[in-house]
Amino acid sequence: MKKDNYYTTRNINDFDKIAELLEELPSFCSDYFIGVETRTSAQTRLKYAYDLRIFFDFLCKRKFKNFDVLDLTLEHLESVTHQDIEFFLSYLSHYRFKDKSLSCDERAKARKLSAVRAMFKYFFNKGMIEKDNSAKVATPKLHDKEIIRLDVDEVSDLINVAETGAGLSKHAVGYHKKTKIRDTAILTLFLGTGIRISELVGLDNDSFDFEENSFLVTRKGGNQAILYFSDEVKYALQEYIAEKNNDPKVPETENAFFLSMQYKRINVRSVEILVKKYSKIVSPLKKITPHKLRSTYGTRLYNETQDIYIVADVLGHRDVNTTKKHYAAITEENRRKVASAVKLRQDETDD
């Protein structure tokens, strides 16, 4: 039996947070979250709970001014018009919640609208409200964001910086001596497989098969998949394993693969910080995150294979259109290659 199952622990924590948030939501929300439990992940429901908390707070500030959120009923929900929801989206541009000044961009607004729609749809389909006015509200127009990724030279430089510590501050160099092999393995795994940060921190010691150069990941939604890696990735991972095996401070009962300096499973925030630390040396003008390393891998894989379906499968995209949008963009290099492909005049020798 595993001593530390990352996903089980995460789900338990999410369940606890949802229970806490339900105490701040109208009582009918409990029925909703139970009703959608079998077809949504705990993380999705947690995000919905946070978004609905803001929605109901808005309603009590602007529509039901004499009511507390906990006093709202399904009759109140049914009386919410599509204009109210449109006002809510406008309100999200700049609002206050629990004495904090906040704002949402178009994508954050779209996510909150999705949470509101899902709730209205649930109660409408169950016959608990007679109309679903949220269906009349248009999704905010989303503008394409610039796809930021590392180029080939920057990928090589990033791994070199992690290995050598070149460019780090004197303070950072002291920590680097203790973490360079781990950090190099993390960056190499990101850049060599394109896995998500949640998938990386969830890896266990027994997730790997080095005879097959493969490893098992738990994807979004809880499904598992076997992915494969190159010998470059294998070497970096085995270097890290050798270091762990020679470190007497590593607990025998710790099953997590990547460990923090406290010899516990590394967390998402720590990985984000180390990626930022090294990448700002290599490419200071690009805001590189773990997801941008995933984009880098996806783009390079597409350029090598020209097979969008392979890229979608490896990256774990349910919809190939998501892959097309992010990884099949025409690059400057491709534009140069096709610049002379179309001839305006045929050479005489071509006759």
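A brief structural summary. (Residues numbered from 1 in each chain as written. Predicted model: local features only at pLDDT ≥ 70, side-chain atom pairs only at ≥ 80, totals over all residues. Heavy atoms only, no water.)

**Remarks on the environment of Asp 157**
Piece 1. If you trace the backbone, Asp 157 turns up in helix α7 (residues 152–164).
Piece 2. Residue classification places Asp 157 among the partly exposed residues on the basis of a relative accessible area of 37%.
Piece 3. Taking the C-alpha atoms as reference points, Asp 157 and Val 282, separated by 125 residues in sequence, lie 6.3 Å from one another. (Helix = DSSP H or I, 4+ residues; strand = E, 2+ residues; numbered from the N terminus. Buried < 20%, exposed > 50% of the residue type's maximum accessible area, 1.4 Å probe, protein only.)

**A look at the pairing of strand β4 (residues 214–218)**
Piece 1. Where burial is concerned, most of β4 is hidden: 4 out of the 5 residues are buried.
Piece 2. Alignment of strand β3 (residues 208–209) against β4, held across 2 bridges, turns out to be antiparallel. Across the sheet, Phe 208 pairs through a bridge with Phe 215, a residue of β4.
Piece 3. Count of turn residues in the β3/β4 antiparallel hairpin: 4 residues, of which Asn 213 carries a positive phi of about 50°.
Piece 4. Note that β4 and strand β5 (residues 224–228) share 5 bridges and pair antiparallel. Paired with Leu 216 across the bridge in β5 is Ile 226.
Piece 5. Linking β4 to β5, which pair antiparallel, is a turn of 5 residues; within it Gly 221 sits at a positive phi near 90°. (Pairing = 2+ DSSP bridges.)

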